[in-house]
Amino acid sequence: MQHEYPRNGELTHRSFKKPKLSSEFITESDIRDEFSHHQPRVARINNGSFGSCPDSVLTAQRHWQLQFLRQPDAFYFNTLRDGITASREVIKGLINADHVDEVSLVDNATTAAAIVLQRIGRSFAEGKFQKNDTVLMLHCAFQAVKKSIQAYVTRAGGSVIEVRLPFPVNSEEQIISEFKKSIEDGKSNGRKIRLAIIDHITSMPSVVIPVKELVRICREEGIEQVFVDAAHAIGSVKVDVKEVGADFYVSNLHKWFFCPPSVAFLYCKKSTSSSDLHHPVVSHEYGNGLPIESAWIGTRDYSSQLVVPAVLEFVNRFEGGIDGIMKKNHDEVVKMGKMLAESWGTNLGSPPDMSAAMIMVGLPSRLCLNSEEDAVMLRSHLRDRYEVEVPIFHQASEDGEEGVRDKDGFITGYVRISHQVYNTLEDYEKLRDAINQLVEDGKTCKMLYTE
Amino acid sequence: MNGTSAPAAVPPQPLHITPAEVISEFSHHHPSVARINNGGFGCCPSSLISFQRQIQMQWLRQPDEFFFNQIQPGMLRSRNVIKDLINTDHVDEVSIVDNASTAVSIVLQHMAWGFAEGRFHPGDATVMFHCAYGSVKKSVEAYFVRAGGSVIEVPLPFPLNSEDEIVQEFRQALEKAKQSNRRVRLAIFDHVTCMPSVVIPVKELVTICREAGVDHIFIDGAHGIGCVDVDMKQIGADFYTSNLHKWMFCPPSAAFLYCRRSSESSSLHHLVVTHEYGNGLARESTWIGTRDYSAQLVVPEVLEFVNRFEGGIDGIKRRNHDGVVEMGMMLAKAWGTHLGCPPHMCSSMVMVGLPACLGVLSDEHTWKLRTYLRDKFGVEVSIYYRPPKDGEVGPLTGYTRISYQVYNKVDDYYKFRDAINQLVHDAFTCASLPNS
């Protein structure tokens, strides 16, 4: 299918031709072609970590890259800014934001966290916040976010409250109740909570969080600002930033929205404080607002930020567009999760309605997965010996808490399986059989170290 | 094959890259543009673009495996290549970042912490040239001034006749700090200024700074590597950054930040924090979240590319310098103007006066003239406005900055010469250009 890409700065929507037969959706064979650059034979069931990008979008990206290389000055002066604005407009529509100047494009959620937390750090340094004012986060927050809090908040004198969420989890009510309790505890010695960071979909273990409800609780409890780390959200759950109601909301477009590495949007609700947000890499655009600052942080390859319109074209080749893709991914990952749990005699880490395109499945206790190191070892083993790529989570047992058991013991390890449009049943069967083989051979994680 | 027949005669491989190969390597450049602004955004030959694509495809093929097994060794390889190029002993002094702007923000954030954590005091100063690059000035504002610091600007005399003029101004600025009892926490200056472009006597300035007790010396060598000699031991600064995509043929974008080993160097951090936080800036910089790191991973292949040229990067630098001086003089003669500084203070770029009758009388005129040259004449070149000083009689207020890189031809500069001559002939003035 031939796509016309804009030349010399023309960026009308007309430039992106619709498929010839509008009733003709992408076929299974088309999908295989689009992802034919993926390593064959690898059961790639970890879309959640690094995402994926179809061939037609890569082609669009190369076109942008070559345009820059061909005449970079003209590209910088005539093309770049408009191209980024076009991408931001697409995103604004997708996430139901009011104004395009609430939408900035950054490299990834990690960068967005640094932007928001650097400002918190400055507020401490400039005396706006007092020593021991606090930031609240989930204890399973992504490691980069935790380190960012250390680098910008703790270093500046702030303190941290961690909310421990139950896992495995059975209902949203469990999460809501833990969250409320942690806030109470946190406020108990008179500390002011300046910022709450809440995942929309946690990374490890992966669960869909009832963010709308938690944001509402934050407002009720007088928490100043709320930052939703929705790294996994766009392309995997519905994203409506007005409905969620947070002050800041970030999601990676290269995870579940088929963008090449890497691009994320950071939504910042318009308010008096949003004007003091800055990109940490300062350019001559400093002071012109975060979206403009982020659109130029020195000479770099901005092509991944420019292909967003082409990505929208891609997803619209699927029946139901991105909504159709999300629904199918969810249904399939639940189906595959259940298939694995049944085969292994284990459990799902959350009910289906608390998962999106990823789900946690318990590993047989006989594997004796007893540490983080064991999880890393098992993952490498699956990659190297069985050509299965899947992340593994170690569920540490809580003192005094009854864990979940299978017929042989406590379940201490989970896989996080993903489903994206390129996945097939064979991928999950390969994982199923690999684990069953290990159990049949009487292997425990400890034994893998010497293999 | 199979050892049964004599090997076919192999034509002797040319020792060095041929002119035809160079043309082919840059055949993706716009064919009808006289591209004499390599200093703006650099360039990248097609063989390196291909290498870069291979790396991009390796990531896309199996990103987890790439993340766990390839990225760290690849980054270390790149850093070791740079370490050797810039003459420093320790690879942990070399971090790879996106560009000089990122490096500047990293160092300046470190300074801001100095104020926040009480090591520096309100009013402590930074010394910088008044013509420092826009993003550097803004970074100083965003981090240093905002945290309580003050700025002492050093005027850069231009046009110039000798390094002495620069050294004198710099001494005076340090004296000013001393007179006003301000401790100079940071001296930040270019190796090769951007606009107007001259080569700064960095080694001498570093010596002066050390004598004056300046805490930290940071050289913005954005144009440095591949353009002038970049020798960390010889220069002796605390921090030095340079873009590899400007004059070192890297695809966009890659730069290095050199941080001399010191008690402080472990407390420099990348601005984007990940799980690598605390493992040293070099390690932190190898992973700042999911992104395309391919431009930073092709550095070994970049070295292979430059070594195809006679004399390697030194040969390229020398020929670029000779070429740009020759072309600069040709233009100055054709237009009846002069060079902005003596040839030995030029790198691969030189400033050439524009005929006064063109009436470049403001920064806005420079943008308009530049656009006009691009759109009407197919010439891409930077223009600079040099404000007249009090008491000066008839100074030139407009200069152009021409660059010379391996893909340039004499015709590029003739095209520019003729375009300006045409404008003069047509009694063109910048004032006549419409507002955009």
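This one's a predicted model, so the numbers in the text were calculated from it and none came from an experiment.

Novice: Explain the overall build of chain B to me, and be specific about the residues and the numbers.
Specialist: Looking only at helices and strands, chain B features 16 helices and 12 strands. Dimensions of chain B, computed from C-alpha atoms along their principal axes, come out at roughly 85 × 60 × 40 Å. Here chain B, with 436 residues, has 59% of them falling under the buried criterion. Counting contacts in chain B only where the partners sit at least 6 residues apart, residues at least 24 apart contribute 68% of the total. Accessible surface for chain B amounts to roughly 17300 Å². Of this, 52% is attributable to carbon and sulfur atoms. A distance of 2 Å separates the average location of the 39 positive side-chain charges in chain B from that of its 46 negative side-chain charges.

Novice: Could you give an account of the interface of chain B and chain A, naming the residues involved and the relevant values?
Specialist: Of the residues lining the interface, 62 residues belong to chain B; the matching set on chain A comes to 62 residues. Summed over both partners, the interface of chain B with chain A comes to about 5500 Å²; 57% of that surface belongs to carbon and sulfur atoms. The three residues of chain B that bury the most area against chain A are Phe41, Arg61 and Arg146 of chain B, which together make up 14% of that side's buried surface. For the pair chain B and chain A, the interface holds 7 salt bridges.

Novice: Please set out the pairing of strand β8 (residues 255-259) of chain B residue by residue, giving values where relevant.
Specialist: All names here are of chain B. Most of β8 sits inside the fold, with 5 of its 5 residues counted as buried. A two-sided burial pattern is seen for β8, the buried positions comprising Ala255, Leu257 and Cys259 on one face and Phe256 and Tyr258 on the other. Examined bridge by bridge, strand β2 (residues 94-97) and β8 share 4 bridges and lie antiparallel to one another. When the sheet's bridge partners are listed, Ser95 is paired in β8 with Leu257. Pairing geometry for strand β7 (residues 239-243) and β8, over 5 bridges, is antiparallel. Residue Asn243 lies in a different strand from β8, and its bridge partner there is Ala255.

Novice: An account of the UniProt feature "coiled-coil region" (unreviewed entry) in chain B is requested, with residue identities and associated values reported.
Specialist: The UniProt record annotates "coiled-coil region" (unreviewed entry) at residues 160-187 of chain B. Secondary structure across residues 160-187 of chain B divides into 61% helix and 14% strand, with the first and last C-alpha atoms of the span separated by 22 Å.

Novice: Account for the UniProt feature "domain: Aminotransferase class V" (unreviewed entry) in chain B, naming residues and giving values.
Specialist: UniProt records the feature "domain: Aminotransferase class V" (unreviewed entry) for residues 73-264 of chain B in the present numbering. Split by type, residues 73-264 of chain B is 40% helix and 19% strand. Its first and last C-alpha atoms lie 26 Å apart.

Novice: I'd love a proper account of the side chain of His419 of chain A, names of residues and values included.
Specialist: Assignment of secondary structure puts His419 of chain A in the loop between β12 (413-418) and α16 (425-440). Polar contacts involving the side chain of His419 of chain A include one to the side chain of Asn329 of chain A, which spans 2.9 Å.

Calculation criteria
- Residues numbered from 1 in each chain as written.
- Chains lettered and ligands numbered in written order.
- Predicted model: local features only at pLDDT ≥ 70, side-chain atom pairs only at ≥ 80, totals over all residues.
- Heavy atoms only, no water.
- Helix = DSSP H or I, 4+ residues; strand = E, 2+ residues; numbered from the N terminus.
- Buried < 20%, exposed > 50% of the residue type's maximum accessible area, 1.4 Å probe, protein only.
- Contact = heavy atoms within 4.5 Å.
- Areas by Shrake-Rupley, 256 points an atom, 1.4 Å probe, with all protein chains shown as cover.
- Lys, Arg positive; Asp, Glu negative; His and termini not counted.
- Charge placed at Lys NZ, Arg CZ, Asp CG, Glu CD.
- Buried area = accessible area lost by both parts, 1.4 Å probe.
- Salt bridge = Lys/Arg side-chain N within 4 Å of Asp/Glu carboxyl O.
- Pairing = 2+ DSSP bridges.
- UniProt positions renumbered as here; feature names shortened; annotations may be inferred.
- Polar contact = N/O pair within 3.5 Å; in protein donor to acceptor, adjacent residues only side chain to side chain.

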